[in-house]
Amino acid sequence: MEALINGTDLLYAGYKETGILGLALKLANSKYNDQPREEVLALFKKVKDYPENFLDDKVLEPLASAMIEEANAPKDETIALKETSGAYIVYGEAQIEQGAKDQMDVAMKLPVTVAGALMPDAHQGYGLPIGGVLATKNAIIPYGVGVDIGCRMALSVYDIPEEHFIMNEAKYKRELIAHTKFGAGHGYHGQYKNDHEVLDRNEFNIAPFIKNLHDKAWSQLGTSGGGNHFVEFGIIEFEHRDEVLGIDKGRYVALLTHSGSRGFGATVAGHYTKLAKDITRLPREAANLAYLDLNSQEGQEYWIAMNLAGDYASACHQVIHDKLQRALGAQILAKVENHHNFAWKEILNGEEVTVHRKGATPAGKGVMGIIPGSMTAPGFLVRGKGEADAINSASHGAGRQMSRTQAIKSITKADMRQVLKDHGVSLIGAGRDEAPMAYKDIDAVMASQTDLVDVVAKFTPKLVRMADDGSRED
């Protein structure tokens, strides 16, 4: 053979850059070096195209067997991430832990990612960081929505002056205890079950496992979750008349609730996250960001179930607010509600995208929202500015600065009692993992997002109820 056969020759013949290429080169240049070059190349192309025909060839059998083994080997179906993380804006970067940024960097490498942003209350979670906003193209990420689908804030501003609460706090406490239930496994039974039209929705029939959750959803309707979920009375102050809401300057009694879709939503999240991981195999660091194509059956099922869970979460809040309104004999001056563990179809840069807000508040132009602090820190009624860089979003609260475990280890019951006393807050339930010190400074968080929202009113907690068992949840 007048010239050695090289890798380029075999690549041109259809070989790939694997170990088989090296084996073929070794055989071609050691066993066939006395034959014409073109004939040798033609022979090795035949081996590549029809390896089964060479299994009885003394020289070429090892090459043919290796080719057949490679062809029959399980395919690596892992979907590659982009080589570099797409750019995204971070609000309040100095107060955000590195783990949350690292998670966002991975999310920005997904092949379906279009844009992202990180809110100033961000902290590390599962998959997408809490406080992360991610826009994707025709894909939905169950863990980008979160386990507590449709978790939300709801605020009722009453026609009751602050003085009435001060003079009748015992009555407010009695009614709060009488009309709320919290934590894992807690619900209503028999004649005490609540009713709402959401339970009649046909979407409960989209899949057998969702239909099987109907009874649990009915029992837990009108209840609140564990962890950081709460129902609280407080005083909301409007420094100026708000023309949009039609509320005069003043200080009013208000009810603020925070909870989600309970065991129903958690089960939906777990089921479709497992499906997504089975269908969309991603590298280990991105495994919890597994997504479903919205054109697939599974994607459509999850989308329908997610929206049902969101409406169910809203119904839970409505039941609580309606009960307490009747108990107090109050008139509602305004009611504002927003959710923060959800995905929306929105237009971004002229194209439809799926916007995941995991622990982030919708803040489109003129959109109302509530951003709470902690059980002693103020919350804020806000109006969105529609900032495109933030994908029309804002923080959903102050955000944790301590993990639950760290808070329990470092905060004593005496510390917690003292801070509640200092702020004039009465607390029913809650564990030390929800102590005010476990959260970031809400004023610093709000200062980091002045481009995202305008503050309409300030809410100060006075009487707070949370789950007796701390962070336990379904």
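Here the structure is shown first, and the text comes after it.
Since we're looking at a predicted model, the values are computed, not measured.

Peer 1: Would you take a moment to explain the overall build of the protein chain for this structure?
Peer 2: Secondary structure summary: the protein chain contains 15 helices and 17 strands in total. Taking 474 residues into account, the globule formula puts the C-alpha radius of gyration at 23 Å, and the protein chain, at 29 Å, lies well above it. The principal-axis extents of the C-alpha atoms in the protein chain amount to approximately 105 × 50 × 45 Å. For the protein chain, the proportion of contacts with a sequence separation of at least 24, taken over those separated by at least 6, is 75%. Within the protein chain, the 63 negative side-chain charges are centred at a point lying 6 Å from the centre of the 51 positive side-chain charges.

Peer 1: Sorry, what's going on with the environment of Val419 here?
Peer 2: Mapped onto the fold, Val419 is located in helix H14 (residues 413-422). In the structure, Val419 is positioned 14 residues away from Thr405 in sequence and 20 Å away in space, judged by C-alpha atoms. Contacts of Val419, omitting those with residues within four sequence positions, involve Thr376, Pro436 and Met437.

Peer 1: What should I look at first to understand the nonpolar core in this one?
Peer 2: When a protein is soluble and globular, its nonpolar side chains tend to lie buried together. Of all hydrophobic cores here, the largest spans 55 residues; its most connected members are Met119, Leu155, Ile236, Phe238, Leu381 and Ile442. Counting residues per element, this core draws most heavily on strand E17 (residues 453-465), which supplies 5 residues. One finds Ile149, Ala207, Ala269 and Phe342 within the second-largest nonpolar core, a separate group that totals 33 residues.

Peer 1: Would you mind going over the sheet that holds strand E11 (residues 351-358) with me for this structure?
Peer 2: Adjacent strands of a sheet pair through backbone hydrogen bonds, lying either parallel or antiparallel. Here 5 strands make up an open sheet; going across it, the order is E1-E2-E3-E11-E10 and the pairing mixed. In this open sheet, the two strands that pair with only one neighbour each are strand E1 (89-90) and strand E10 (341-348). Here strand E2 (residues 113-123) pairs with strand E3 (residues 130-136) via 6 bridges, running antiparallel. Paired with Thr113 across the strands is Thr136, a residue of E3. Sitting on the sheet, helix H5 (residues 98-107) touches E2 and E3, and the angle it makes with E2 is about 170°. Relative to the sheet, helix H12 (residues 297-328) contacts E10 and E11, its axis offset from that of E10 by approximately 115°.

Peer 1: Please explain the packing of helix H11 (residues 262-279) against H12 as it appears in this structure.
Peer 2: A pair of packed helices is captured by two measures, namely the crossing angle of their axes and the spacing between those axes. Contact pair H11 / H12: the axes reach a minimum separation of 10 Å and the direction vectors enclose 160°. Between H11 and H12, the angle falls in the class roughly antiparallel. The crossing of H11 and H12 is left-handed. Residues Arg262, Phe264, Gly265, Val268, Tyr272, Leu275 and Ile279 of H11 lie in contact with H12, whose contacting residues are Glu298, Glu301, Tyr302, Ala305, Leu308, Ala309 and Tyr312. For the contact of H11 with H12, a count of residues per class yields 10 nonpolar, 1 polar and 3 charged.

Peer 1: I tried to follow H14 on my own but got confused; where do I start?
Peer 2: In an α-helix, one turn spans 3.6 residues, which is why side chains three or four residues apart end up on the same side. Within H14, burial applies to Met416, Val419 and Leu420. Viewed along the axis of H14, the buried residues span an arc of 100°, placing them on a single side of the element. Residues Arg417, Lys421 and Asp422 are exposed on H14 and point more than 90 degrees away from its buried face. Taken together, the buried residues of H14 touch strand E16 (426-428). Once H14 finishes, Gly424 follows within two positions and takes phi at roughly 65°, a positive value.

Peer 1: What exactly am I supposed to notice about the pattern of salt bridges here?
Peer 2: Close approach of charged atoms lets side chains of opposite charge pair. If you walk through the whole model with that rule in mind, you get 20 salt bridges. Across the salt bridge formed by Glu351 and Lys137, the nearest N and O atoms sit 3.3 Å from each other. One end of the pair, Glu351, is in strand E11; the other, Lys137, is in the loop between E3 and strand E4 (139-140), with 214 residues separating them in the sequence. Between Arg400 and Glu434 there is a salt bridge; the shortest N-O distance is 3.2 Å. Here Arg400, found in the loop between strand E15 (393-395) and helix H13 (404-410), pairs with Glu434, found in the loop between E16 and helix H15 (442-447); they are 34 residues apart in sequence, far enough to count as distant. Exposure remark for Arg400: the relative accessible area of 13% places this residue in the buried category. Look at Glu434 and you get buried, because its relative accessible area is 3%. Linked through salt bridges whose partners overlap, the residues forming this network are Arg400, Arg404, Asp433 and Glu434.

Peer 1: So what exactly am I meant to see when it comes to unusual backbone geometry here?
Peer 2: Of note, Ile391 is a non-glycine position whose phi angle comes to about 50°, a positive value. You can see Ile391 is positioned in the loop between strand E14 (379-384) and E15. Since its relative accessible area comes to 3%, Ile391 is described here as buried. At Asn392, a position not held by glycine, the phi torsion is positive, near 55°. Among the structural elements, Asn392 can be located in the loop between E14 and E15.

Peer 1: What exactly am I supposed to notice about the packing of aromatic side chains here?
Peer 2: By convention here, two paired aromatic rings are described through the distance between centres and the angle between planes. A complete count under the given rule lists 10 aromatic pairs for this structure. Measuring from centroid to centroid gives 6.1 Å for Phe238 and Tyr252, while their planes differ by 80°, and the two rings are edge-to-face. Highlighted residues: Phe238 in strand E6 (residues 230-238) and Tyr252 in strand E7 (residues 250-259), separated in sequence by 14 residues. Here Phe238 and Tyr252 have matching classes, each one buried. Residues Phe342 and Trp344 carry aromatic rings whose centres are separated by 5.3 Å and whose planes lie at 70° to one another, so their mutual orientation is edge-to-face. Both residues of the pair, Phe342 and Trp344, belong to the buried class. Grouped by ring-pair contacts, the aromatic residues Phe165, Tyr172 and Phe233 constitute a single cluster. The lysine or arginine in question, Lys181, covers the ring of Tyr188, its NZ or CZ lying 5.3 Å from the ring centre. Lys345 extends its terminal NZ or CZ atom over the ring of Trp303, reaching a point 4.9 Å from the ring centre.

Peer 1: Just to check I follow, could you spell out the packing of helix H2 (residues 19-31) against helix H4 (residues 61-72) for this structure?
Peer 2: The contact between H2 and H4 brings their axes to 10 Å, and the two run at 165°. What the angle tells us is that H2 and H4 run roughly antiparallel. The interaxial crossing formed by H2 with H4 has left-handed handedness. Contact with H2, carried on its side by Ile20, Leu23, Ala24 and Leu27, involves Pro62, Leu63, Ala66, Met67 and Glu70 of H4 and no other residues of that element. Among the residues making up the contact of H2 with H4, the classes are represented as 8 nonpolar, no polar and 1 charged.

The rules behind these values
All chains use their own residue numbering, which begins from 1 and follows the written sequence. Where totals are concerned, whole chains, interfaces and linings use all residues; where local detail is concerned, this predicted model gives features only for residues with pLDDT of at least 70, and gives and counts side-chain atom pairs only at 80 or more. To get the side-chain values, all heavy atoms of the structure are used, and hydrogens and water are removed first. Strands are runs of DSSP state E lasting at least 2 residues, helices are runs of H or I lasting at least 4, and numbering of each runs from the N terminus. As a reference, a globule follows 2.2 Å times the number of residues to the power 0.38, and the radius of gyration itself is taken over C-alpha atoms. In what follows, a contact means two residues having at least one pair of non-hydrogen atoms within 4.5 Å. This count recognises Lys and Arg as positive and Asp and Glu as negative, with His and chain-terminal groups excluded. Charge placement uses NZ in Lys and CZ in Arg. For Asp and Glu, CG and CD serve respectively. What makes a nonpolar core is a set of buried Ala, Val, Leu, Ile, Met, Phe, Trp, Tyr and Cys residues whose side-chain atoms join them at distances within 4.5 Å. Working definition: with a 1.4 Å probe on protein chains only, accessible area under 20% of the residue-type maximum means buried, over 50% means exposed, and in between means partly exposed. Strands are labelled as partners when DSSP assigns at least two bridges between them. Comment: axis = line fitted to C-alpha atoms, over the contacting stretch for helices; angle = value between 0 and 180 degrees taken between N-to-C directions. Roughly parallel means an angle under 35 degrees; roughly antiparallel, over 145; roughly perpendicular, 65 to 115; everything else is oblique. A clockwise turn of the near helix away from the far one marks a right-handed crossing, whereas an anticlockwise turn of less than a right angle marks a left-handed crossing. Side-chain classes follow a simple rule in which Ala, Val, Leu, Ile, Met, Phe, Trp, Tyr, Cys and Pro form the nonpolar group, Asp, Glu, Lys and Arg form the charged group, and the remainder, Gly included, forms the polar group. Arc definition: directions from the helix axis to the C-beta atoms. A pairing counts as a salt bridge when a side-chain nitrogen of Lys or Arg comes within 4 Å of a carboxyl oxygen of Asp or Glu. A pair of Phe, Tyr and Trp rings is counted when the ring centres sit within 6.5 Å of each other, with Trp represented by its six-membered ring. The angle between the planes then sorts it: under 30 degrees is stacked, over 60 is edge-to-face, the rest tilted. In this analysis the charged atom, NZ for Lys or CZ for Arg, is taken to sit over a ring once it is within 6 Å of the ring centre and within 35 degrees of the ring normal.

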